[in-house]
Amino acid sequence: MRVIDSITQLQPADAGCIALSGSHGGLSSSRYAIAARPLLSVFNDAGVGKDAAGIAGLAELQAAGLAACAVSHTSARIGQADSTLADGVVSHANAAARELGIETGVALRGQIEQLRRRHA
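Residues numbered from 1 in each chain as written. Predicted model: local features only at pLDDT ≥ 70, side-chain atom pairs only at ≥ 80, totals over all residues. Heavy atoms only, no water.

Colleague: What exactly am I supposed to notice about the sheet that holds strand 5 (residues 90-93) here?
Modeller: Hydrogen bonds along the backbone pair up the strands of a sheet, which may run parallel or antiparallel. Reading across from one edge, 1-2-3-4-5 is the order of the five strands in this open sheet, with mixed pairing throughout. One side of each edge strand has no neighbouring strand; the edge strands of this open sheet are strand 1 (2-4) and strand 5. Here the strands of the sheet are splayed against their neighbours by 20° on average, with no regard to which way each runs. Here five bridges tie strand 3 (residues 40-44) to strand 4 (residues 67-71), and the two strands are oriented parallel to one another. Residue leucine 40 lies in a different strand from strand 4, and its bridge partner there is alanine 67. Packed onto the sheet, helix 2 (residues 56-63) meets strand 3, strand 4 and strand 5 and runs at close to 165° relative to strand 4. (Pairing = 2+ DSSP bridges. Helix = DSSP H or I, 4+ residues; strand = E, 2+ residues; numbered from the N terminus. Axes fitted to C-alpha atoms, helices over the stretch in contact; angles between N-to-C directions. Contact = heavy atoms within 4.5 Å.)

Below, the structure is given as structure tokens:
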């Protein structure tokens, strides 16, 4: 698992990891995840925003066959991956993330622990 404040820190060597970030889930963030191809990318919904810009990357990642979810901005600090893991509650998940067992409305930490056990 990579716990990184910014999704821009992902590298090609991170392919297949769980990428837990503090970044917003917008289109610019999703492009870094697509390049690295993690098992799951975790973002902050950043309040979702106009035209759902804060989570628009989740659909782009789904189109690339990649799982992604976002935690609520009211549960975790934007830009702080440690807060995402410690406090985050999943607010949005694409279909690929749901197939991995990620559920909305549920604390992220326990879901990540289960996912790590299944994909160890």
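Colleague: Would you explain the pattern of salt bridges in this entry?
Modeller: Here the idea is simple: oppositely charged side chains can pair when their charged atoms come close. One pass over the full model with this rule turns up two salt bridges. Across the salt bridge formed by aspartate 14 and arginine 2, the nearest N and O atoms sit 2.7 Å from each other. Pair noted here: aspartate 14 is in the loop between strand 1 and strand 2 (18-24) and arginine 2 is in strand 1, with a separation of 12 residues, a long-range link. The class for arginine 2 is partly exposed, based on a relative accessible area of 26%. Between glutamate 60 and arginine 31 there is a salt bridge, with the nearest N and O atoms lying 3.7 Å from each other. Here the residue glutamate 60 occupies a position in helix 2, and arginine 31 occupies one in helix 1 (residues 27-36), the gap between them amounting to 29 residues. By relative accessible area, glutamate 60 is classed as partly exposed at 24%. Judged by its relative accessible area of 48%, arginine 31 falls in the partly exposed class. (Salt bridge = Lys/Arg side-chain N within 4 Å of Asp/Glu carboxyl O. Buried < 20%, exposed > 50% of the residue type's maximum accessible area, 1.4 Å probe, protein only.)

Colleague: Is there a simple way to think about the nonpolar core in this case?
Modeller: Generally speaking, a soluble globular protein has its nonpolar side chains buried in company with each other. Ranked by size, the top nonpolar core spans 19 residues in total, and within it Leu20, Leu40, Val42, Cys69, Ile102, Leu108 and Ile112 carry the most contacts. Elements with a minimum of two residues in this core: strand 2, strand 3, strand 4, helix 3 (81-87), strand 5, helix 4 (95-99) and helix 5 (108-118). Setting aside chain neighbours within four positions, we find cysteine 69 in contact with Leu40, Ser41, Val42, Phe43, Leu58, Val90, His92, Ala93, Ile102 and Leu108. Within the second largest apolar cluster, 14 residues are counted, among which are Ile4, Ile7, Ala33 and Phe43. (Core = buried A, V, L, I, M, F, W, Y, C linked by side-chain atoms within 4.5 Å.)

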